[in-house]
Amino acid sequence: MSLSSTLKYSERQAAGQLLQQRIESPASDPSPQKCPILPSSLTFKDLRKAKQLEIDMDLSPYIPIQIEADFAGLEIMGPTGGAWEKVAIDETDASPDPRYSDIHTWEGQVAPGVLIIEEIKRTKGFRMSEVSQAIYEEFFPINTLQYVYLIDVCNTDTRSFVQDEIYTGSNGLAWPDDAIRDWMPGTPEFEALLGTALGHNMAFLILGAFKRGTRRISRIRTFSSFEVLQMQFAIEDIEQTEQTEQTEETEETEAPIQTPAAPSIASTSTAYTGPETRAAVRRRLNLEAQKRKKDDDEDEDEDTGPKKIQKK
């Protein structure tokens, strides 16, 4: 029996486990094949020189409404504070894909510590992980990168896995979900998310940007905004994390051993709702209006429906 057949999410989870091991513990990589992702040397100047690419930087940055509430919790200064850039890249010679005719090759925003990817699709000659790294490094040192957002995920592989395999009744979840879910390393969901197409892209970004074993993806966050999937990948320093964990272990006191009941996924994932910003208010009011309309329709049906005739 293969390892993947014993895993909750089969081959997808196995692929995520391998990527995580290559990121965090490259010396113990069990794969007979060497990691194909080498340190990236691609620069923003290289992108400018590429004849097939057209780069537009004359754009006004903004915080996408889909992540306003979540972004507020990062304590990162918004566009009004400066040091914030918006970049769009198009492949001028490529034949348009009818499925994604309006999507840029790469479009997103860069701020100190955060990369917001709004649109992304494959192009010949470049890995999108390398393009993302080159864009961030044009403005800030790569070792300052802490968060990567993927806005309005339309990648079929990643989106369908999240909505159809994680957010299921058997997992105690349903899509769309009002809560923000944090999937942590060591959970089947984290590993399987890393094994999706966009998870691969984020893993390749770490492998290409940092010395192996120094940075890792510490959390994958999924949430719904206007019923569309949004994702956030958190990046942390491995050495600093290990030192913190060792300190916490030495400070812990022995506690009575308890045997908890087997939790559902909904209880094992960390739910974070974030502060209520303009976007959250708009969404809440919209949902409340829909609920009121539904209640009014039900009341109207009761008023106009058949009534029992009482005998006199």
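That block above? That's the structure.
Keep in mind that this is a model prediction, so the values were computed, not measured.

(A) Representation of the pairing of strand 5 (residues 147–150). Alternating residues of strand 5 divide into Tyr147 and Tyr149 and Val148 and Leu150, and every residue in both groups is buried. Note that strand 4 (residues 114–120) and strand 5 share 4 bridges and pair parallel. Counted as the bridge partner of Val114 is Tyr147 from strand 5. The handedness of the strand 4 to strand 5 crossover, carried by helix 4 (residues 128–139), is right-handed.

(B) Layout of the nonpolar core. Of all hydrophobic cores here, the largest spans 55 residues; its most connected members are Leu47, Trp106, Val131, Ile135, Val148 and Leu150. With 8 residues, helix 7 (residues 197–209) is the single largest residue contributor to this core. When near neighbours in sequence (up to four residues on either side) are disregarded, Val148 contacts Leu115, Ile117, Met202, Leu205, Met231, Gln232, Phe233 and Ile235. If you look at the next biggest cluster of nonpolar residues, it comprises 14 residues, including Phe71, Ile116, Tyr149 and Ile180.

(C) Seen up close, the pattern of salt bridges. In total, this model carries 11 salt bridges according to the counting rule given. Put simply, Lys86 and Glu118 hold a salt bridge, and the shortest N to O gap is 2.8 Å. Within this pair, whereas Lys86 is found in strand 2 (residues 85–91), its partner Glu118 is found in strand 4, the two being separated by 32 residues in sequence. Each member of the pair, Lys86 as well as Glu118, is classed as buried. Between Asp237 and Arg215 there is a salt bridge whose closest N-O contact spans 3.3 Å. Residue Asp237 is found in strand 8 (residues 228–237), and its partner Arg215 is found in strand 7 (residues 215–225); the two are separated by 22 residues along the sequence. Residue classification places Asp237 among the partly exposed residues on the basis of a relative accessible area of 25%. Arg215 gets classed as buried once you look at its relative accessible area, which sits at 15%. One network of salt bridges, in which partners are shared, links Asp70, Asp182, Arg219 and Arg221.

About the thresholds
Residues numbered from 1 in each chain as written. Predicted model: local features only at pLDDT ≥ 70, side-chain atom pairs only at ≥ 80, totals over all residues. Heavy atoms only, no water. Buried < 20%, exposed > 50% of the residue type's maximum accessible area, 1.4 Å probe, protein only. Helix = DSSP H or I, 4+ residues; strand = E, 2+ residues; numbered from the N terminus. Pairing = 2+ DSSP bridges. Right-handed = clockwise from strand over helix to strand, strands pointing away. Core = buried A, V, L, I, M, F, W, Y, C linked by side-chain atoms within 4.5 Å. Contact = heavy atoms within 4.5 Å. Salt bridge = Lys/Arg side-chain N within 4 Å of Asp/Glu carboxyl O.

Function cannot be read off these values alone, since they describe shape.
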